[in-house]
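Observations on the three-dimensional arrangement
Here's the letter readout for the chains.
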Amino acid sequence: EVEHKSVLIDGTNFLEISDIALVQDTVKFSILGWIEPNFSKGSQDLTIVSKFESFNLFLVRESFQIQDGKTSIVPATLNFSVYDGTEWYTIQGNTEISEDWHQVAAVVDDSVATLYLNGKVEGKVKLEKEVPRGSTTEAGKCQQKSCIVDVKMSTSDADLTVGAYVTKKMVKTCCDDDGFMKTVGIPTPVDHFSGVISSIERFSDAFSEKQILKLYE
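In this report, the structure presented in the accompanying data block is examined.

A few points about the overall build of the protein chain
- Scanning the protein chain from terminus to terminus reveals one helix and 21 strands.
- Dimensions of the protein chain along its principal axes, counting C-alpha atoms only, are 50 × 50 × 50 Å.
- Counting all 217 residues of the protein chain, 43% fall into the buried class.
- Considering only residue pairs separated by 6 or more positions, the protein chain has 63% of its internal contacts joining residues 24 or more positions apart.
- Here the protein chain has roughly 12,000 Å² of accessible surface; of this, 49% comes from carbon and sulfur atoms.
- Averaging the coordinates of the 21 positive side-chain charges in the protein chain and doing the same for the 33 negative ones gives two points 5 Å apart.

Things to note about the state of the cysteines
- Tallied over the full model, the rule gives one disulfide.
- Between the sulfur atoms of C142 and its disulfide mate C147 the distance is 2.0 Å. Every disulfide takes its handedness from the sign of the S-S torsion; for C142 and C147 that torsion is 90°, giving right-handed. Grouping residues by exposure puts C142 and C147 together as buried.

So, the packing of aromatic side chains
- Applying the stated criterion across every chain, the model contains seven aromatic pairs.
- Ring centres 5.2 Å apart and planes at 40° place the aromatic pair F29 and F55 in the tilted group. Of this pair, F29 sits in strand β4 (residues 28-37) while F55 is found in strand β6 (residues 55-60), placing the two residues 26 residues apart along the sequence. As far as burial versus exposure is concerned, F29 and F55 are alike and both buried.
- Note on W88 and Y165: the rings are 6.2 Å apart at their centroids and 75° apart in plane angle, and the pair reads as edge-to-face. Linking W88 in strand β10 (residues 88-92) with Y165 in strand β19 (residues 165-174), this pair joins segments that are 77 residues apart in sequence.
- Accessibility expressed as a relative area gives 35% for W88, which makes it partly exposed.
- Classification of Y165 as buried rests on a relative accessible area of 11%.
- Feature note: the residues F52, Y83, W88 and Y165 constitute an aromatic cluster, connected by ring pairs.

Here we look at the nonpolar core
- Ranked by size, the top nonpolar core spans 35 residues in total, and within it I48, L57, L59, L78, F80 and I197 carry the most contacts.
- Not counting residues up to four positions away in its chain, the partners in contact with L57 are T47, I48, V49, L78, N79, F80, V104, A106 and L115.
- Counting residues in each nonpolar core, the second largest holds eight residues, with L32, Y116, F203 and F207 among its members.

Quick look at unusual backbone geometry
- Residue N118 is not a glycine yet carries a positive backbone phi of 50°.
- Following the sequence through the fold, N118 ends up in the loop between β12 (112-117) and β13 (120-126).
- Positive phi is not limited to glycine here, since D191 has a value of about 55°.
- With respect to the element layout, D191 can be found in the loop between β20 (181-190) and β21 (194-203).
- Residue classification places D191 among the partly exposed residues on the basis of a relative accessible area of 25%.

Here is what the cut-offs are and how they apply
- Residues numbered from 1 in each chain as written.
- Predicted model: local features only at pLDDT ≥ 70, side-chain atom pairs only at ≥ 80, totals over all residues.
- Heavy atoms only, no water.
- Helix = DSSP H or I, 4+ residues; strand = E, 2+ residues; numbered from the N terminus.
- Buried < 20%, exposed > 50% of the residue type's maximum accessible area, 1.4 Å probe, protein only.
- Contact = heavy atoms within 4.5 Å.
- Areas by Shrake-Rupley, 256 points an atom, 1.4 Å probe, with all protein chains shown as cover.
- Lys, Arg positive; Asp, Glu negative; His and termini not counted.
- Charge placed at Lys NZ, Arg CZ, Asp CG, Glu CD.
- Disulfide = S-S within 2.5 Å.
- Phe/Tyr/Trp six-rings, centres within 6.5 Å; stacked < 30°, edge-to-face > 60°.
- Core = buried A, V, L, I, M, F, W, Y, C linked by side-chain atoms within 4.5 Å.

Next up, the structure:
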């Protein structure tokens, strides 16, 4: 279990938490916390908690949309993205997020990810992809023109990041052992949160809907 207390995020700072549990072959986990966002600062996407090339629990702030010559407001929502090593799968929430306190939670159970807001399901996504004939799957070789196979969330030794997503900006630097320029990844925080994030907890188990609701109540 990983846990931290409340932290005020001002749109520029963030917190990194050492995490050795979400490693290779992790197929089940739950992450929960409380947020009080401040939409006057921060990025368009406000990251609550993330892990590099693994997952990202974040808000998308209110925006404007023009369709058929008419302008409408798209409310702020909670979202959850999971990475399988080559592709991101995203659950887009449908409940408007205000600047009040909200419980947020995400659960990964094998190849299914579920997003929760205030104890209720916001959405689910199945982690799967299409592979061509002849590809090796858990059920054997694909004998059809193509097959749909389940995939798993990618994991790494990166820290958990609260209040931002830390990506890697590739830059050229000098030099490798042979004297040639080399490319290295420089950790770069993006998508900063603004507001208060409290009681982030990560568990190595996939919580049920009843368990998430009980923790909210």
